[in-house]
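Descriptive analysis of the structure
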There are 2 protein chains.
Amino acid sequence: MLLHAQPLSKESFSPYGDVIEIDGANHFPINAGKIERYHDLARVELDAAQEGRVLISIVKCNEPSRLPYRVEVVERHCLGSQAFIPLKPAQMVVVVGPAVESVQADQMKAFVSNGKQGINYRRGVWHMPLIAFGEDQQFLVVDRGGGEDCEEIRFKDVDLIVDCESQARSAKEF
Amino acid sequence: MLLHAQPLSKESFSPYGDVIEIDGANHFPINAGKIERYHDLARVELDAAQEGRVLISIVKCNEPSRLPYRVEVVERHCLGSQAFIPLKPAQMVVVVGPAVESVQADQMKAFVSNGKQGINYRRGVWHMPLIAFGEDQQFLVVDRGGGEDCEEIRFKDVDLIVDCESQARSAKEF
């Protein structure tokens, strides 16, 4: 089964979470007008009853991926949202599915970012574990810490392949 | 009064908050080893009793600043921490003071980042409002939303000037 990545936009991604970008965002000047604030771009979710807390971490690519890419496993976190924002412009390809109990391969959708966008997965949304295309590409991560919170589903009987019209580009090409 | 910015490091900045960087951080592989996670780099503080929540925002430079720079005002947020992470490598100059009731100009210290570091101000720490040196420079912000939480002090009787041995550099030069 071949999944074609469609352009990532706030509208197209809204069933799965937020697109973190300044385009189209509510904004206002701060610091005597020197700085513009694009405000509240993602809903950070945390199940307070579970005694979690919000973490800021960085992830770095050890092994660049290439398209077309075979999605062998998807995962989800039911106690908190999870945001990834590139620390240098770089396109991301994400594969997501609805927050149902046992997602099927044919429910998954793929998106490709414009290189400047970050994404925030809503709590419970299935997603392909992060892949990156650039050597040493880094992303800031805002997610939940405080105990295990990861479910996985392996697609054993189906080849789920994600591809994109143009090879996703790393920061070097921006 | 002239403040010379010293190199930003986890140790030197520890009275004021966190340096968000992968150097020296606890890390481990995830996603079948494709990705390395540098984990829990900053303490996100939130005064839960105040019904705040954690926000993800982006700020963008409207008007680049130059060094030496006159610090006319400092501010602090007592209900939550505030993190700034450059979305393209760019040096930051920050001026900070201890979390006391009424900070004095001669208690302030200045730091200059290496271009890849982000910073997280601890709750109640006085700081110069963000300045940036590059046209359109952007920073991811992780801070608290939910009602006013900003105190200001104006240094009226003292010229507090911050400078750095080398002009802080924008992303273009990295």
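Below, the structure is looked at part by part. It should be emphasised that the depicted structure is a prediction, and the values quoted were computed from it without experimental measurement.

Our next topic: the interface of chain B and chain A. Taken residue by residue, the interface counts 44 residues in chain B and 44 residues in chain A. Summed over both partners, the interface of chain B with chain A buries about 4,000 Å², with 58% contributed by carbon and sulfur atoms. At the junction of chain B with chain A, the criterion picks out four salt bridges. One salt bridge in this structure joins arginine 53 of chain B and aspartate 40 of chain A, with 2.5 Å as the shortest N-O distance. Our count for the contact surface shared by chain B and chain A stands at 26 residue pairs in polar contact (both at pLDDT 80 or more). For the side of chain B that touches chain A, the secondary-structure elements that each account for two or more residues are strand 5 (35-43), strand 6 (53-61), strand 9 (82-86) and strand 14 (138-145) of chain B. Where strand 6 (residues 53-61) of chain A lies against strand 5 of chain B, six bridges are found, and the strand directions are antiparallel. For leucine 55 of chain A, the partnering residue across the bridge sits in strand 5 of chain B and is arginine 43 of chain B.

Before going further, it helps to examine the environment of serine 81 of chain B. All names here are of chain B. With respect to the helices, strands and loops of the structure, serine 81 is situated in the loop between strand 8 (73-76) and strand 9. You can call serine 81 buried: its relative accessible area is 2%. Sequence spacing of serine 81 and alanine 32 is 49 residues, and the spatial spacing of their C-alpha atoms is 33 Å. In this structure serine 81 touches Arg43, Val44, Glu45, Asn120, Tyr121, Arg123, Val142, Asp143 and Arg144, once residues within four positions along its chain are discounted. Within the structure, serine 81 has its side chain in polar contact with the backbone nitrogen of glutamate 45 (distance 2.7 Å).

This brings us to the sheet that holds strand 5 of chain B. Read from one edge of the open sheet, seven strands run 3(A)-12(A)-9(A)-14(A)-6(A)-5(B)-4(B), paired in antiparallel fashion. Edge positions in the sheet fall to strand 3 (17-20) of chain A together with strand 4 (27-30) of chain B, since each has one partner strand and no second. Going from strand to strand, the sheet's axes swing by 25 degrees on average, the running direction of each strand aside. Judged from the five bridges that link them, strand 9 (residues 82-86) of chain A and strand 14 (residues 138-145) of chain A form a sheet pairing that is antiparallel. Across the sheet, glutamine 82 of chain A pairs through a bridge with aspartate 143 of chain A, a residue of strand 14 of chain A.

A full pass over the atoms with the stated rule returns 16 salt bridges over all chains. With its nearest N and O atoms 3.5 Å apart, the salt bridge here joins glutamate 151 of chain A to arginine 76 of chain A. Of the two residues, glutamate 151 of chain A sits in strand 15 (residues 151-154) while arginine 76 of chain A sits in strand 8 (residues 73-76), which places them 75 residues apart along the sequence. With a shortest N-O distance of 3.8 Å, glutamate 152 of chain B and arginine 154 of chain B are connected by a salt bridge.

With that settled, consider the pairing of strand 6 of chain A. Residues and elements named next belong to chain A. Counting buried positions along strand 6 gives eight out of nine residues, so the element sits mostly inside the fold. Of the pairings in the sheet, the one linking strand 6 to strand 14 comprises eight bridges and is antiparallel in character. The residue of strand 14 that forms the bridge with isoleucine 58 is leucine 140.

You can overlay chain B on chain A at an RMSD of 0.0 Å; the transform is a turn of 180 degrees with a shift of 0.0 Å along its axis. Those values place the two copies in the arrangement expected of a two-fold rotation axis.

Turning our eyes to something else, we now look at the packing of aromatic side chains. The final tally for this structure, using the stated rule, is ten aromatic pairs over all chains. When the centroid spacing of 5.9 Å and the interplanar angle of 50 degrees are considered together, the rings of phenylalanine 13 of chain B and tyrosine 16 of chain B count as tilted. Of the two residues, phenylalanine 13 of chain B and tyrosine 16 of chain B, neither departs from the other in class, the shared state being buried. By the ring-pair criterion, three or more aromatic residues cluster together here, those being Phe13, Tyr16, Phe84, Phe111 and Tyr121 of chain A.

Take the pairing of strand 4 (residues 27-30) of chain A next. Here is the key point about a regular strand: its side chains alternate between the two faces of the sheet. Residue and element names in this part refer to chain A. Pairing of strand 4 with strand 5 (residues 35-43), which is carried by four bridges, proceeds in the antiparallel orientation. Among the inter-strand pairings, proline 29 is bridged to a residue of strand 5, identified as glutamate 36. The hairpin turn running from strand 4 into strand 5, its antiparallel successor, is four residues long, and asparagine 31 in that turn takes a positive phi close to 50 degrees.

Reading guide: rules and limits
Residues numbered from 1 in each chain as written. Chains lettered and ligands numbered in written order. Predicted model: local features only at pLDDT ≥ 70, side-chain atom pairs only at ≥ 80, totals over all residues. Heavy atoms only, no water. Contact = heavy atoms within 4.5 Å. Buried area = accessible area lost by both parts, 1.4 Å probe. Salt bridge = Lys/Arg side-chain N within 4 Å of Asp/Glu carboxyl O. Polar contact = N/O pair within 3.5 Å; in protein donor to acceptor, adjacent residues only side chain to side chain. Helix = DSSP H or I, 4+ residues; strand = E, 2+ residues; numbered from the N terminus. Pairing = 2+ DSSP bridges. Buried < 20%, exposed > 50% of the residue type's maximum accessible area, 1.4 Å probe, protein only. Axes fitted to C-alpha atoms, helices over the stretch in contact; angles between N-to-C directions. Least-squares fit on C-alpha atoms with pLDDT ≥ 70 in both. Phe/Tyr/Trp six-rings, centres within 6.5 Å; stacked < 30°, edge-to-face > 60°.

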